[in-house]
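A look at the structure
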Amino acid sequence: MRESGERDHDHPAGHADDAELAARAARRDPAAWESLFERHYRSIYTYLRFRLANPHEAEDLAAQVFETAYARAETFDYRGVPIQAWLLAIARNLARDVIKKRIRRGPSDDLEAADLTGQLAEADPAPAVHLRSDLARALAELTEDQREVVRLRFILDKSVAETAILMERSEDAVKNLQRRALAALQRALGGEHYLSGGGAS
Amino acid sequence: MTPDRLDDLLQRALETGVIPPEADPAERAELEALLAARGELRAVREAVAREADAAMPAARARFQRHLAAQRPAPVEVRTVAARPSFVARLFGGRRLQFAGSLAALLFVALVALLATRPFQGAQEVQALGVDDYVQLSGVVTESAPDRVVISSPDLGPVTVAASGAAFLDAAGVAQQTPPAPGAAVIVTGIVRDARKGRIAVDGQALAVAAAALPNGDGRPADRLRALPQVPEGTLALVAIGRDGRDGRAIVILPDGRRALVDVDAGSLGQVVAATGSPLGTRVRIADRNGGPFMLERLPGGDGPDHDGKNGGHPGLTRLTGTIRSTTPDGFTLETARGPVAVRLRPGFRILPGETGLSVAEIRAGTNLDGYSAAVAGGLDPRTGTFIAAVVVLGPRP
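A brief structural summary. (Residues numbered from 1 in each chain as written. Chains lettered and ligands numbered in written order. Predicted model: local features only at pLDDT ≥ 70, side-chain atom pairs only at ≥ 80, totals over all residues. Heavy atoms only, no water.)

1. Considering the overall build of chain A
The number of helices and strands found in chain A is ten helices and zero strands. If you list the helices and strands of chain A from N to C, you get α-α-α-α-α-α-α-α-α-α. Residues counted as buried form 53% of the 201 residues belonging to chain A. (Helix = DSSP H or I, 4+ residues; strand = E, 2+ residues; numbered from the N terminus. Buried < 20%, exposed > 50% of the residue type's maximum accessible area, 1.4 Å probe, protein only.)

Below is the structure:
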């Protein structure tokens, strides 16, 4: 599922490419923004889909990410930080806002239910995706940090280094978190007993 | 076994896909369990990737509209001069002479404009609404893999988001690149922007026209309010609304005029289902007692015959059969030549036809197994799957 160019910033050419693209994007060059959209839309949508469960909401919010980024174009200061990290940060903030609004709407819209992969999807009539309910329940057992590391490392294929930047953690912390997340997921899926114990992260 | 050591072993296993050889049996067992958990995520990830692909064309069109809307509008600049006296304003130097010349020039320009373009009325834009399924034709003026601009005789410039579109040559063979500038094409897709001068379509297919398409006399379309003397014509554009209940068509009348016709979506759906690509099809327009007009397909003309083989476009075709084995994103159609896997495009239109069902009931998941259906769309040569853009249901056989 890795999209083309996703790992460009792992290479010097990718750095140069990203830097040049960022400079053009800061000038609101439409072609640069169309290029950014082509490179990153799938990742942004996927990230949001795993946070918000509802495909229509994910689609709407993914579009808002690019519109928001465009509005703030001049604020992005490219210093080797991947552009996608910036977009994901916007996506994360927008998703948080949506979840907060849900909580404010009433006690029936509880955060965990809204923030899971499957529970809303089960009732969703969208035909394209049938997320597994057992996996959704398993993900519900994880902490938010564990779910975030699952989303970034195993859904978006981010490297440990990239995940560390995005989560503002050390790489060692990310490695530890990903092990605990997978262990908790395995336990919740009814897998074999986890020998050394995951514990809370 | 320490957590740090296990963290590192896991990371290496994730990177290489192989459990490091120095892992002891207990560590190996634990790593296998962790990798299995990671594997559980993959299937869901692939499903979401397909969903993202399906969502992308509409999102791209929305973002392109957003970009276009953000571009700064030209600013009118006026110079301010000292206010002269009345007499000076009336007779001041050459100003009167200049103003007279300017007025004359503007008058000539206006006459020329009116003579060459009688009007560019709102009727042209009203042919389309956002989220309409549309088939239209035009000549390619700009061509890139993700964006094609065509000049439509009915609508003017139309921007087609082409990233998710199939490109077909005149023989219906899939191409890697979009049609080149100058090519006459048929476009199918979903309207994302219906504003005058900004019409944008999420392209589903761009097909080089296999036969010459009628252009009429070049005058803009006028909305048809009453049956013309000869209520027949040739279809130049068709559009079906989002809920499948309303339709519009531009029909070129025998005298060359273009008529924008509000049509019953069911009758339009029958024409689409009968032809696959209805542009160029001869139709009779029938009055429906104050409601939208009905369209009846006439034999002959440049359009395809009932088998969709004569004229029309070979890449934009139709299938008929009985629905079997519905799945979340399509169904199997039992045709005279055997079963065909049909996948429904995002934004597809389903018309209840003679089923007695409503669109809402169908979209809510009413079981359609056993219903007859005609589907219009195109064959994906890579998968052998028929990609349906329009489904017209018939009764249970």
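Continuing now.
2. Observations concerning the pattern of salt bridges
In this structure the tally under the stated criterion is 27 salt bridges over all chains. In this structure, B:Arg223 engages B:Asp262 in a salt bridge whose closest nitrogen and oxygen atoms are separated by 2.8 Å. Taken together, the positions of B:Arg223 in strand β8 (residues 222–223) and B:Asp262 in strand β11 (residues 258–264) put the pair 39 residues apart, joining distant regions of the chain. B:Arg248 serves as the salt-bridge partner of B:Asp246, at 2.8 Å between the closest nitrogen and oxygen. On the basis of relative accessibility, which here comes to 33%, the residue B:Asp246 falls in the partly exposed class. One salt-bridge network, in which partners are shared between bridges, spans A:Arg51, A:Arg92, A:Glu144, A:Arg147, A:Glu148 and A:Arg151. (Salt bridge = Lys/Arg side-chain N within 4 Å of Asp/Glu carboxyl O.)

3. Considering the interface of chain B and chain A
Facing the 42 residues of chain B at the interface are 45 residues of chain A. Carbon and sulfur atoms supply 66% of the area buried between chain B and chain A, which totals about 4200 Å² over both sides. Connecting chain B to chain A are eight salt bridges. For B:Arg45, the salt bridge is made with A:Asp157, and the minimal N-O distance between the two is 3.0 Å. (Contact = heavy atoms within 4.5 Å. Buried area = accessible area lost by both parts, 1.4 Å probe.)

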